[in-house]
Amino acid sequence: MNTTYGRLLALVVLGSLGFCSCRGVPKRETSSESPRPESKATIGQNSPIVSRANPTGNPIVLAQHTSPALPFSAYTGDPGQDYHGGMSGHCPHCSPGSSGPFHFSSHAEELQWAPDGIALPWPHDEYICDGGDINEDANIKKDESVVGVDQEDTIAHYKTLDGRKEITASNKVCIYAPRFAAVRHVTVPIITEVHERMAGIEKTDKLNLHDKTFVPTTAIQPEAPRGEQGIDLASIFRERKAGNELARTNAPYMARGEFLPFEDFALIRRGVYEQGDKPRLAISAQAAEVWLDKKAVQVVIDGKMAVEAAGVSGSQETRVYELEGKPRLRICKVASKSDAKVGETVEFTLRYDNIGEQPVSNVTIIDSLTTRLEYVEGSQSSSREAKFDTQENDGESLVLRWALTEPLKVNEGGIVRFQCRVR
Amino acid sequence: MSLTADPIMLHRLTKFALLAVLLVPGGFAFAQPPVHYQNRADMPPGEVGQRQLLRGGLLAGYFQPVEVTAPKGAIVSLAVEGGFDQGDKESVLAGMQIGYVYRMRVANIPDHAGEEVYPTIELVDRLYPPPGQAARFPVPIELTAEELALALEGRFVTRVIYLEEPRAALPVKDEPKKQRYFEIGAGQDPLKVADQMGRPVAILRMGSRVPDGLTPDGKFLYHSPPLLKFTTTPVEVKRNEGLEEPQLPPKVGDRQGRTFKRLPEGEIKRR
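Residues numbered from 1 in each chain as written. Chains lettered and ligands numbered in written order. Predicted model: local features only at pLDDT ≥ 70, side-chain atom pairs only at ≥ 80, totals over all residues. Heavy atoms only, no water.

Overview of the overall build of chain B
And then number 1: Scanning chain B from N- to C-terminus turns up 5 helices and 12 strands.
And then number 2: Counting only residues that meet the buried cut, chain B has 42% of its 271 residues in that class.
And then number 3: A separation of at least 24 residues holds for 72% of the contacts in chain B among residues at least 6 apart in sequence.
And then number 4: When the accessible area of chain B is evaluated, it comes to approximately 15600 Å², of which 56% is carbon and sulfur surface. (Helix = DSSP H or I, 4+ residues; strand = E, 2+ residues; numbered from the N terminus. Buried < 20%, exposed > 50% of the residue type's maximum accessible area, 1.4 Å probe, protein only. Contact = heavy atoms within 4.5 Å. Areas by Shrake-Rupley, 256 points an atom, 1.4 Å probe, with all protein chains shown as cover.)

Take a look at the structure:
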């Protein structure tokens, strides 16, 4: 009996041990874990962040966080294979199962998420998106004015060491926020419909009188002409000449006030081609040639283009400076929510990093909000010193602009945050 | 110096002429083709929804949450099993299917004591919210006091609720409890106008119809189509973005509801 109890007890103990080992808490990915206390102690402000080792066992120094503008755990430099967006090891807006490395996604990729069991494409009008360069036409001019920034666009432009102006776009962030409206139609329905028809007609009156009107057969003219007066023709012509000097001015009436100053050519005014007009005509032809390309009138004489052939090449020297390293700025955008109802507030964060090989200056971040996002006044903050201003865009929302006052060194970055209300 | 033909300029002119020849017929080809609308809002109730089902897609069998709001004090009752339920005050949230017509009774209308209006709701499309968020983002249908009064006067009110296209949305601030609407003229079709402004999802018809006798018959109630009524406010589901489990249809009694046929993995990702 004791032996049986002993065996039963042993079975229960073994079974419970087996359960404990099988139902253990799954280990989470290391990228989402909070830093351990000992690692906090070892990683200082100026010490490199060593996050993983290569197959040979040597530690790989990813980047050195030197900017005081970023949080301590911030990571700059080229994202590695284990980086998935920083939230629980998974990109919040990537499609399920996409665990690849971080990359800038396109508009089509952002909408690759689909409801369960529905084949793509599916309607995406329930989402509002912000970020990226929607038409891929954002550009910066020589005078540093930015063109082609449409609604939803989020871009950053900067100046490289050799003076070039570069532009880069962020990723796109989509938030589920459907908004509804209605079309109303009010009518008065016909309740009663009655058809009436004339059944008959009764007329009691008869014709009892008939008048006949005779046609006149004779016309009498009451008055006749009594006489005729003849008109004599002129037989005498008197000419009167004044003794004064006769002055007469012959002016081309149709030309007065019609020709413009630049039309002062004999060819145009009188149709006579003069040698003296040649140089002046060549200049005008040149002006016309500038406007030739699909823009304005063309000058054609005898079916041939009027041109002035003149050499414009002069002695010149071209110097090409090649600086070491390539400039590159990365800008990434994330939202605090993936879905929001009308009236709720969503916080956006823009993270920019100089992941190139040379410092960049005049870094300016521009975010043109979409129509349904309303900027919450005074909600922006920047980790680096920046000049902030706003401007209204086509969608009656705002264009937010941060101009960094200091250049951005290699591997340095910053964060910009702002809030928007979904309307 | 003489004006002679420059070969470069001649080449440019030739290109320009060639482009003009190519683009003129091309412009006609890119023009918007004429749209023939097969559906109208004044079709018999249920016709538009049924036609939508014929087009295919994951529309049939899905309970699309709909939130009906009425003026303060009014009681909204839904048609359930051949009669009206006891009703909810001011607001009711229920899942409705596309292609059916749902009759409601609005009673206790402010300033119209003792009078009742019997609107109908017809869903013509559905939403595709993230998993677990369907009840949080229902299709809103507002019964305004003005429209209820119009219906009581004998007018017929048609309201087509549509989903706004985000990029073409009006830059106005919406009040969450108040639905924005546009009034159209007598000769216009509200379904067509709504389609031009967004994606129509529901049609509300109201007025000119009262049940015969004390007990409404099945025809008046459109045979009480299946309904999924939310008795409590839906709880906000914690998101696990990108890792959501596939949603199962709700249980009917002890039985698990009908499972939608899922597409194979390769088919889902195929564009």
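From this point on, the discussion continues.
A short note on the pairing of strand 8 (residues 172-176) of chain A
Side-chain positions along a regular strand alternate between the two faces of the sheet.
All names here are of chain A.
And then number 1: Counting buried residues in strand 8 gives 5 out of 5 residues, a clear majority hidden from the surface.
And then number 2: Both faces of strand 8 are covered, namely the face carrying K172, C174 and Y176 and the face carrying V173 and I175.
And then number 3: Pairing between strand 3 (residues 127-131) and strand 8: 5 bridges, direction antiparallel. Bridging across to strand 8, I128 finds its partner in I175. (Pairing = 2+ DSSP bridges.)

Let's talk about helix 2 (residues 47-54) of chain B
Residue and element names in this part refer to chain B.
And then number 1: Residues of helix 2 that are buried: V48, G49 and Q52. With its buried residues spanning 100° around the axis, helix 2 presents them on a single face.
And then number 2: Contacts from the buried residues of helix 2 go to strand 7 (120-123), helix 4 (190-197) and strand 11 (198-206).
And then number 3: Just downstream of helix 2, G56 is the residue with a positive phi angle, here 90°. (Arc of directions from axis to C-beta.)

Digging into the packing of aromatic side chains
And then number 1: Within the structure shown, the criterion is met by 8 aromatic pairs over all chains.
And then number 2: Ring centres 4.9 Å apart and planes at 90° place the aromatic pair Y176 of chain A and F137 of chain B in the edge-to-face group. In this pair, Y176 of chain A is assigned in strand 8 and F137 of chain B in the loop between strand 7 and strand 8 (139-142), connecting two distinct chains.
And then number 3: Taking the relative accessible area as the measure of exposure, F137 of chain B reaches 4% and is therefore buried.
And then number 4: With 5.5 Å between their ring centres and 25° between their planes, F348 of chain A and F418 of chain A make a pair best called stacked. Of this pair, F348 of chain A sits in strand 13 (residues 345-354) while F418 of chain A sits in strand 19 (residues 413-422), and the two are 70 residues apart along the sequence.
And then number 5: Members of the aromatic cluster, connected to one another through ring pairs, are F348, Y375, F388, W402 and F418 of chain A.
And then number 6: The ring of F348 of chain A has K333 of chain A lying over it, and the distance from NZ or CZ to the ring centre is 5.0 Å.
And then number 7: Sitting over the face of the ring of F220 of chain B, R103 of chain B holds its NZ or CZ atom 4.0 Å from the ring centroid. (Phe/Tyr/Trp six-rings, centres within 6.5 Å; stacked < 30°, edge-to-face > 60°. Lys NZ or Arg CZ within 6 Å of the ring centre and 35° of its normal.)

Observations concerning the confidence of the model for chain B
The predicted coordinates ought not to be read in detail in places where the model reports low pLDDT.
Residue and element names in this part refer to chain B.
And then number 1: Summary statistics for chain B give a mean pLDDT of 78 and a share of 73% for residues scoring 70 or more.
And then number 2: Note that residues 21-30 has pLDDT below 50 and, in this model, 0 contacts with residues that lie over four places away or in other chains.
And then number 3: Of the regions scoring below 50 in pLDDT, residues 259-263 engages in 11 contacts with residues more than four places distant in sequence or in other chains. (pLDDT = per-residue confidence, 0-100.)

Quick look at the side chain of S397 of chain A
Residues and elements named next belong to chain A.
And then number 1: Note that S397 resides in the loop between strand 17 (386-392) and strand 18 (398-404).
And then number 2: Taking the relative accessible area as the measure of exposure, S397 reaches 4% and is therefore buried.
And then number 3: Among the polar contacts made by the side chain of S397, one reaches the main-chain carbonyl oxygen of L373 at a distance of 2.7 Å.
And then number 4: For S397, the residues in contact, after removing those within four places along its chain, are L369, T370, T371, L373, Q391, E392 and R423. (Polar contact = N/O pair within 3.5 Å; in protein donor to acceptor, adjacent residues only side chain to side chain.)

Overview of the pairing of strand 14 (residues 361-368) of chain A
All names here are of chain A.
And then number 1: Counting buried positions along strand 14 gives 6 out of 8 residues, so the element sits mostly inside the fold.
And then number 2: The pairing of strand 6 (residues 154-159) with strand 14 spans 5 bridges and is classified as antiparallel. What sits directly across from K159, in strand 14, is S361.
And then number 3: Bridging between strand 14 and strand 18 involves 5 bridges; their strand directions are antiparallel. Its bridge partner lying in strand 18, D367 is registered against L400.

Remarks on the sheet that holds strand 8 of chain B
All names here are of chain B.
And then number 1: Spatially, 8-1-5-12 is the arrangement adopted by the 4 strands of the open sheet, whose pairing is mixed. Each edge of the sheet is formed by a strand with only one pairing partner; in this case those strands are strand 8 and strand 12 (228-229).
And then number 2: Direction of pairing for strand 5 (residues 91-96) relative to strand 12: antiparallel, over a ladder of 2 bridges. Residue pairing across strands places A94 opposite K229, the latter belonging to strand 12.

Some points on helix 4 of chain B
It helps to recall that an α-helix has 3.6 residues per turn; residues three or four apart then point in one direction.
And then number 1: Among the residues of helix 4 of chain B, P190, L191, V193 and A194 of chain B are the ones counted as buried. For helix 4 of chain B, the angular spread of buried residues about the axis comes to 160°, placing them on one side.
And then number 2: Next to the buried residues of helix 4 of chain B lie strand 9 (180-187) of chain A together with helix 2, strand 9 (156-164) and strand 11 of chain B.

Examining the nonpolar core
And then number 1: In this structure, V139 and I161 of chain B are the most contacted members of the largest nonpolar core, which totals 40 residues.
And then number 2: Those residues in contact with V139 of chain B that sit more than four places away from it in its chain are F180 of chain A together with Q64, P65, V66, E67, L127, I161, V201 and A202 of chain B.
And then number 3: Listed in part, the 28 residues of the second largest apolar core include A335, L350, Y352 and V416 of chain A. (Core = buried A, V, L, I, M, F, W, Y, C linked by side-chain atoms within 4.5 Å.)

Side note on the state of the cysteines
Residue and element names in this part refer to chain A.
And then number 1: Counted according to the given criterion, the structure contains 1 disulfide over all chains.
And then number 2: One disulfide bridge connects C129 with C174, the sulfur atoms lying 2.2 Å from each other. With the S-S bond torsion at 100°, the cross-link from C129 to C174 turns out right-handed. Remark: C174 occurs in strand 8 and C129 occurs in strand 3; sequence separation between them is 45 residues.
And then number 3: When its relative accessible area of 8% is taken as the criterion, C129 is described as buried. (Disulfide = S-S within 2.5 Å.)

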